[in-house]
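Spelled out from the first residue to the last, the chains are:
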Amino acid sequence: MRRNVVVATGGALFASILGLWVLKSIFGIQTLSTPQAELHFLVPATSSNEHLCKLMLSAAILRYPTPVIINWGAAEDPDNPNAGHIQKVDTLLRYLDDLANDGKQDDLVLIVDGFDVHFQLPAEVLLKRYFVSNTAAQKRINSQVGTINAHGYNIKQTVIFGQDKACWPSWPWGQNWQGCWLAPESAYPKFAFGPDTDNARDVKDTDLVRARWLNSGTVMGPVGDVRDVFQAALANIAKNHTTDSDQYYFANVWADQEYSRRLLQTEPFTKEEKADEYFLWPKIEEDQEPELHIGLDYEGLLWQVLGFFRPSVTWMTFNGEPTPSRPRSKGRKQSFVRDSYLDRTLPDDLAAARPPFAAVLEQLESRGKTGKATDLPTDLTWRDLQLGINSISKNIFPMLHYTGPKWYRDDWWPRMWYYPYAEPLLKAAASLDRAPISKDAIGGKIWWPAELGNNTTGKKGDEKGGAISDKGTWLTWNEMCAPHEQLLWKQ
């Protein structure tokens, strides 16, 4: 009996090792010792239109997980369209609760607005930058509250929201609202937008203001931490329902956090702040945990908002070579290093990513063919494409969030590098089996697109993919987006 147990155990161990070896052989990934995790992709939307389809198309081409559409089919209030913003907080929280209860609390979740986001760079680049952003934020936090306090009170950034140049919605209090005045210093350099930086005299000068306020249209972080933020926001709504903008409540709980961090500083508040009788001050409850690990993507490392950033956003190719450093003058050791933006060189994370037409090449390879079997320019690299960049922060952004004037969603859509080839790229991506987002570990883990789940109902055979409703129903591309295809790619 004992011998049989040993043999059975040894056989199971051999089978497990063999399975991991097969995964490593097929995908070339570090599986034998590297932890595995998933990226979940949630999109609030009650119905479909061309803007949701542009998001889905761009996300599929760039290998993001299949989106879960939150609030799909929910009734909308025609007299109060903003009421859905409050509803989505509750519905998203319920979905996050389900993920956490299924043991997914350490997975990452990406949540974006459904009707005004276009993706530009692959999911693997976004993942790398998420961890880079957290590392940079920790240095700022340590400088702000001290390394000992940061460690002792577990102060860190794990939940990243979008950035705004304007504090909104601040009515009726204006800049006296705690969501405005308690916002930390921006990560942009002091004079990033010239000598008049942060000296906006009226609305038309807002493009000169450094981004330092929260935008709730994009958020990314661990499932468990994001759930905590949504729980805090929903509690804030319950005790302080002032407006139907969800951004107001997320900014309130962020202000609570920043207030609690200020209290750890030697001089928490300036004389002007203490003397201003009109300022609204947070009221932290005894049972409230204000530290929620919230931070902002100040410089568009993960996503770029367009509102008041229009003069800073441009498209260009990055096919240059680094200029060698050279001495400033004879006899001096200092060297001059030219800005990579001026040299038009790709950042390392994008240069190392899958090539733009990787899905097509993988599809052809599965059929025993090469790139020569298609008319698509499969030899193009990221160096050959025109890409959007924030010319102030020098970041080529993974996604563009169209805050402000909405007509840019249509005007700029043809600028996206995939626009001329979108339909075959979409079909190629939809044909591929589930695989790791990156062959290499990112943040110490191998990341997979979230599994669809065994309870998903409906037909999944659409050659262009689709989405999943938060009720578990498969939504085909044809039923969601076929009526809008003439607006999605070059005809």
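Preceding this section is the structure that the text describes.
A brief look at the structure comes next. Quantities reported herein were computed from a predicted structural model and do not represent experimental measurements.

## Thoughts on the sheet that holds strand β8 (residues 303-305)
1) Next: Pairing is mixed across the open sheet formed by three strands, whose spatial order is β4-β14-β8. Of all strands in the sheet, those bounded by a partner on one side alone are β4 (117-119) and β8. For this sheet, the mean inter-axis angle between neighbouring strands, taken without regard to orientation, is 20 degrees.
2) Next: As judged from the three bridges shared by β8 and strand β14 (residues 399-401), these two strands associate in the parallel manner. Paired with valine 305 across the bridge in β14 is histidine 401.

## Quick look at the packing of helix α12 (residues 358-366) against helix α14 (residues 422-431)
What describes two packed helices is the angle between their axes and the distance between those same axes.
1) Next: For the pair α12 and α14, interaxial distance at closest approach is 8 Å and the crossing angle is 55 degrees. Relative to α14, α12 is oriented oblique. At the point where α12 passes α14, the crossing takes the left-handed sense. Facing Ala359, Val360 and Gln363 of α12, the residues of α14 in contact are Pro424, Leu425, Lys427, Ala428, Ala429 and Ser431.
2) Next: Looking at the contact of α12 with α14 residue by residue, the class counts come to six nonpolar, two polar and one charged.

## As for the packing of aromatic side chains
1) Next: One pass over the full model with this rule turns up 27 aromatic pairs.
2) Next: Arranged with centres 4.8 Å apart and planes meeting at 65 degrees, the rings of tryptophan 181 and tryptophan 281 form a pair that is edge-to-face. A residue pair is termed long-range when its members are at least 10 positions apart, and tryptophan 181 in helix α6 (residues 178-181) and tryptophan 281 in the loop between α9 (271-275) and β7 (294-296) qualify at 100 residues.
3) Next: Consider the rings of phenylalanine 230 and phenylalanine 250, whose centres lie 4.9 Å apart with planes at 70 degrees: the pair is edge-to-face. With a gap of 20 residues between them, phenylalanine 230 in helix α7 (residues 223-239) and phenylalanine 250 in helix α8 (residues 246-262) connect regions that are remote in the sequence. Across the pair, exposure class does not vary: phenylalanine 230 and phenylalanine 250 are buried alike.
4) Next: An aromatic cluster of at least three residues, connected via ring pairs, comprises Phe357, Trp382, Trp413, Trp417, Tyr418 and Tyr421.
5) Next: Of note, lysine 165 hangs over the ring of phenylalanine 193, and the distance from its end group to the ring centre comes to 3.6 Å.
6) Next: Over the aromatic face of phenylalanine 309 sits the side chain of lysine 165, whose NZ or CZ is 4.5 Å from the ring centroid.

## Some points on the nonpolar core
1) Next: Counting residues in hydrophobic clusters, the biggest one holds 82 residues, and the most contacted among them are Leu110, Phe119, Met220, Trp382 and Trp417.
2) Next: If you tally residues by element for this core, the top one is helix α2 (residues 50-61), at seven residues.
3) Next: Those residues in contact with tryptophan 382 that sit more than four places away from it in its chain are Leu62, Gln120, Leu121, Pro122, Leu346, Leu350, Ala353, Arg354, Pro355, Pro356, Leu387 and Trp417.
4) Next: Counting residues in each nonpolar core, the second largest holds 39 residues, with Leu42, Val89, Tyr95 and Tyr249 among its members.

Thresholds applied
Residues numbered from 1 in each chain as written. Predicted model: local features only at pLDDT ≥ 70, side-chain atom pairs only at ≥ 80, totals over all residues. Heavy atoms only, no water. Pairing = 2+ DSSP bridges. Helix = DSSP H or I, 4+ residues; strand = E, 2+ residues; numbered from the N terminus. Axes fitted to C-alpha atoms, helices over the stretch in contact; angles between N-to-C directions. Parallel < 35°, antiparallel > 145°, perpendicular 65-115°, else oblique. Left-handed = near helix turned anticlockwise from the far one by under 90°. Contact = heavy atoms within 4.5 Å. Nonpolar A, V, L, I, M, F, W, Y, C, P; charged D, E, K, R; others polar. Phe/Tyr/Trp six-rings, centres within 6.5 Å; stacked < 30°, edge-to-face > 60°. Buried < 20%, exposed > 50% of the residue type's maximum accessible area, 1.4 Å probe, protein only. Lys NZ or Arg CZ within 6 Å of the ring centre and 35° of its normal. Core = buried A, V, L, I, M, F, W, Y, C linked by side-chain atoms within 4.5 Å.

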